[in-house]
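Residue-level structural notes
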Amino acid sequence: MSKLRPFVLLQPSSVSSTIAGAATFIAIPWLSLEVTDSSLMSAVVIAASAVPGLLLTTFVGGLVDRFGRRRMAIWIEVLTALSTALVPIAALTIGMSVPVLIVLVVLKAIFQPGGGAARKSLLPDTAEHAGITLDRANSINEALSAAGFAIGPALAAMLIGAVDSYAAFWLAAGASLASAIFALMIRVHEKQEPLEGDAESSNPIRYAMQGFVTLVKLPALLVVFAAFMILAVIYMPTEMVVLPRYYSSINQPEQMGYLITAMSVFTVMGALLFEKAHKLVGYANLVRIASVVIGLCMIPMSLLPDYWVMLVLGAILGFVWGPMMPLLNTLIQTMVPANVRGRVFAIEQVMWNTAPLTSFIVTGIAIDAFGVQPVYVALGVLVLTAAV
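The rules we used
Residues numbered from 1 in each chain as written. Predicted model: local features only at pLDDT ≥ 70, side-chain atom pairs only at ≥ 80, totals over all residues. Heavy atoms only, no water. Helix = DSSP H or I, 4+ residues; strand = E, 2+ residues; numbered from the N terminus. Buried < 20%, exposed > 50% of the residue type's maximum accessible area, 1.4 Å probe, protein only. Contact = heavy atoms within 4.5 Å. Polar contact = N/O pair within 3.5 Å; in protein donor to acceptor, adjacent residues only side chain to side chain. Patch = residues over 30% accessible without salt bridge, like charges linked within 9 Å, V, L, I, M, F, W, Y side chains within 5 Å. Areas by Shrake-Rupley, 256 points an atom, 1.4 Å probe, with all protein chains shown as cover. Salt bridge = Lys/Arg side-chain N within 4 Å of Asp/Glu carboxyl O. Arc of directions from axis to C-beta. Axes fitted to C-alpha atoms, helices over the stretch in contact; angles between N-to-C directions. Parallel < 35°, antiparallel > 145°, perpendicular 65-115°, else oblique. Left-handed = near helix turned anticlockwise from the far one by under 90°. Nonpolar A, V, L, I, M, F, W, Y, C, P; charged D, E, K, R; others polar. Core = buried A, V, L, I, M, F, W, Y, C linked by side-chain atoms within 4.5 Å.

Description of the environment of glutamine 333
Inspection of the secondary structure puts glutamine 333 in helix α13 (residues 324-335). Given the relative accessible area of 5%, glutamine 333 is considered buried. In this structure the C-alpha to C-alpha distance between glutamine 333 and asparagine 138, which are 195 residues apart in sequence, comes to 9.8 Å. Not counting the four nearest positions on each side in its chain, glutamine 333 is found in contact with Lys120, Leu123, Pro124, Leu134, Asn138, Arg341 and Phe345. Among the polar contacts listed, one links the side chain of glutamine 333 to the backbone oxygen of lysine 120, at a separation of 3.0 Å.

What about a nonpolar patch on the surface?
A cluster of nonpolar residues, Leu86, Ile89, Leu92, Leu107 and Trp170, forms a patch on the protein surface that exposes about 460 Å² of accessible area. Here the nonpolar patch takes three residues from helix α3 (residues 69-93), the largest share from any one element. Relative to the helices and strands, tryptophan 170 resides in helix α6 (residues 165-184).

Re helix α10 (residues 274-281)
Here α10 has its buried residues at Phe274, Glu275, Ala277 and His278. Take α10 and look down its axis: the buried residues cluster within an arc of 165 degrees, on one side only. Counted as exposed and oriented over 90 degrees from the buried face of α10: Lys276, Lys279 and Leu280. Next to the buried residues of α10 lie α5 (134-162), α9 (253-272), α11 (283-301) and α13. Glycine 282, located one to two residues past α10, shows a positive phi value of around 90 degrees.

Details of the side chain of aspartate 125
Within the fold, aspartate 125 resides in helix α4 (residues 98-130). At 2.6 Å, the side chain of aspartate 125 forms a polar contact with the side chain of arginine 69. In terms of polar contacts, aspartate 125 uses its side chain to reach the backbone amide nitrogen of lysine 191, at 3.1 Å. Those residues within four positions of aspartate 125 in sequence are excluded, and the remaining contacts are Arg69, Val188, His189, Glu190, Lys191 and Arg341.

Regarding the packing of α3 against α4
One way to put it is that α3 packs onto α4 with a least axis distance of 8 Å and a crossing angle of 155 degrees. Put simply, α3 runs roughly antiparallel to α4. Relative to α4, the crossing made by α3 is left-handed. When grouped by side-chain class, the residues that make up the contact of α3 with α4 number 13 nonpolar, seven polar and six charged.

A few points about unusual backbone geometry
A positive phi is found at asparagine 251, a non-glycine position, where the angle reads about 55 degrees. Tracing the backbone shows asparagine 251 in the loop between α8 (219-249) and α9. A relative accessible area of 58% means that asparagine 251 is categorised as exposed. Located in the positive-phi region is leucine 304, a residue other than glycine, with phi close to 50 degrees. Positionally, leucine 304 belongs in the loop between α11 and α12 (307-321).

A short note on the pattern of salt bridges
It is possible for side chains of opposite charge to pair when their charged atoms get near one another. By the definition in use, this model includes six salt bridges. Between glutamate 348 and lysine 120 there is a salt bridge, with the nearest N and O atoms lying 3.2 Å from each other. Within this pair, whereas glutamate 348 is found in helix α14 (residues 341-354), its partner lysine 120 is found in helix α4, the two being separated by 228 residues in sequence. A single burial state applies to glutamate 348 and to lysine 120, both of which are buried.

A short note on the nonpolar core
One recurring pattern in soluble globular proteins is that nonpolar side chains are buried together. By size, the foremost hydrophobic cluster in this structure holds 85 residues, and its most contacted members are Leu221, Phe225 and Phe228. Aside from chain neighbours lying at most four places away, what touches phenylalanine 225 is Leu215, Leu328, Ile332, Val344, Ile347, Glu348 and Met351. If you look at the next biggest cluster of nonpolar residues, it comprises eleven residues, including Leu9, Leu122, Leu123 and Ala130.

A closer look at the side chain of serine 14
Note on placement: serine 14 falls in helix α1 (residues 5-36). What makes serine 14 buried here is its relative accessible area of 5%. Those residues in contact with serine 14 that lie beyond four places of it in its chain are Arg119, Asn141 and Ser145.

In structure tokens, the structure reads:
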């Protein structure tokens, strides 16, 4: 059991952090719509939260590689908890407005992506200590994280419906703090694979950019990153802008929360099958199959059918997406030297948090001009076209 202890403790740390992120995934768009009453302004708020990731996440990844994976997993989550709690505190003290909300979500976004980079960089150390293969370790880790993403939106939606949007931020702050506590209890040797001249580098920009340099030197990994980025740019606005606008317009936050939860539950199932799936069809075919099926699900979902149909299609979409994150994690952890993992995983966080930056704003403008359904249909067609 002592060999398993670090890996086991890493799981609730990841799940707690995912619950925190998933709760704000629902709460930020919802609160921004309450404050602005505009899809465009809501998209601007969401896009503003992505700016720190674009500018600073690679530096945070550098801190992970410089000061240690476990140590930064603790401190980043503590800072995330504090910055998240500032949202309801500000509402109680100075009142909430668009400028205040933008400042607070930007502050929160400075810290949050770094926690995932730290834990994913630490996972191979805990897996090796436990005698678990990377395929299986990533499958378990991503399945449990997906479970956290199922729990977070449901809890946030219930709190928004029963109390208000700010209650979801208190939930997220508490979950981030719990993640830090679990990380604090981990004790494991962190493998070192230093690059020549890396440790002596006194230029913080050069040190942070080493993640990009490493990625460019690995063309196979770079191609997979590009495929994921295309999906992020086209698909993410549906969950961050389109669906919040639709369910806000019909005053059904619970339905949106349960839809995201259903997608996440089936993502858990898909993630658990990653080890078998990649042996059956290979890494490249897994990416192709997921991209096509996601597009095929989005087209009928964009017609805004009966809620049970949305749930079924969302479940299928979540299932085929399930193996994708374990796949990307395994490739990075296998191909990238240990002492650069934090910076490469930071690039992955940039991809998810800032790649859709422009598409959020464009989607918000389009929804205000044309409505939810035509924009949703267009995004579905784009995903399917990109997949083909």
